[in-house]
Amino acid sequence: IMRRGNFDAERLSLQDEMDAVKKASEKQLAVLGDMLTFEREQMADHEKEWKSTKKVLVKEVKHLRAQIMALEAEKDGFAEQNVKLKEALLSIGSSSKSNKSFDFLS
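All of the points below concern the structure found in this document. (Residues numbered from 1 in each chain as written. Predicted model: local features only at pLDDT ≥ 70, side-chain atom pairs only at ≥ 80, totals over all residues. Heavy atoms only, no water.)

## Side note on the overall build of the protein chain
What counts here: Labels follow the DSSP assignment, with helices taken as runs of H or I lasting at least four residues and strands as runs of E lasting at least two, numbered in each case from the N terminus. Relative accessibility decides the category of a residue: with a 1.4 Å probe and only protein chains considered, values under 20% of the type maximum give buried, values over 50% give exposed, and everything between is partly exposed. Here, Shrake-Rupley sampling with a 1.4 Å probe gives the accessible areas, and only protein chains in the shown set may cover a residue.
On a plain count of helices and strands, the protein chain comes out with one helix and zero strands. Taken over 106 residues, the protein chain has a buried fraction of 2%. Counting only carbon and sulfur atoms, one obtains 61% of the accessible surface of the protein chain, whose full area is about 10,200 Å².

Spelled out as structure tokens, the structure:
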């Protein structure tokens, strides 16, 4: 009969220990669940922020590309105008070489 009492006491002790481990595991599971929820929310917020930033940057790149094209066209126009002005000055200079007033051009 003594042995049965020891067995029951040991069984109760193990049951209590198992219940304590179970409660601790449930608490840990709840904490991990909360952490996972928080991280998912953070990730969703970061993704929204990233998409918003990307949208702004895409618009900015398009604007800058258009600006580059306009500036290149303007540069080409200036280069062409510069060539024509040089040709005009050279023709003026060569036609009036006799009076030596445009010697600095040649």
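And the narrative resumes.
## Focus on a nonpolar patch on the surface
Heads up, the rule is: Each patch groups residues whose relative accessible area exceeds 30% and which form no salt bridge, using 9 Å between like charges and 5 Å between nonpolar side chains of Val, Leu, Ile, Met, Phe, Trp and Tyr. Basic side-chain nitrogens of Lys or Arg form a salt bridge, by our definition, when they fall within 4 Å of a carboxyl oxygen of Asp or Glu.
Among the surface-exposed residues, Val31, Leu32 and Met35 lie close enough to one another that they form a single nonpolar patch of about 290 Å² accessible area. Following the sequence through the fold, Val31 ends up in helix H1 (residues 2-95).

## A word on the pattern of salt bridges
Within the structure shown, the criterion is met by three salt bridges. Across the pair Lys51 and Glu47 runs a salt bridge whose closest N-O atoms are separated by 3.6 Å. Of this pair, Lys51 and Glu47 both sit in helix H1, four residues apart, which is roughly one turn of the helix. Residue classification places Lys51 among the partly exposed positions, given a relative accessible area of 48%.

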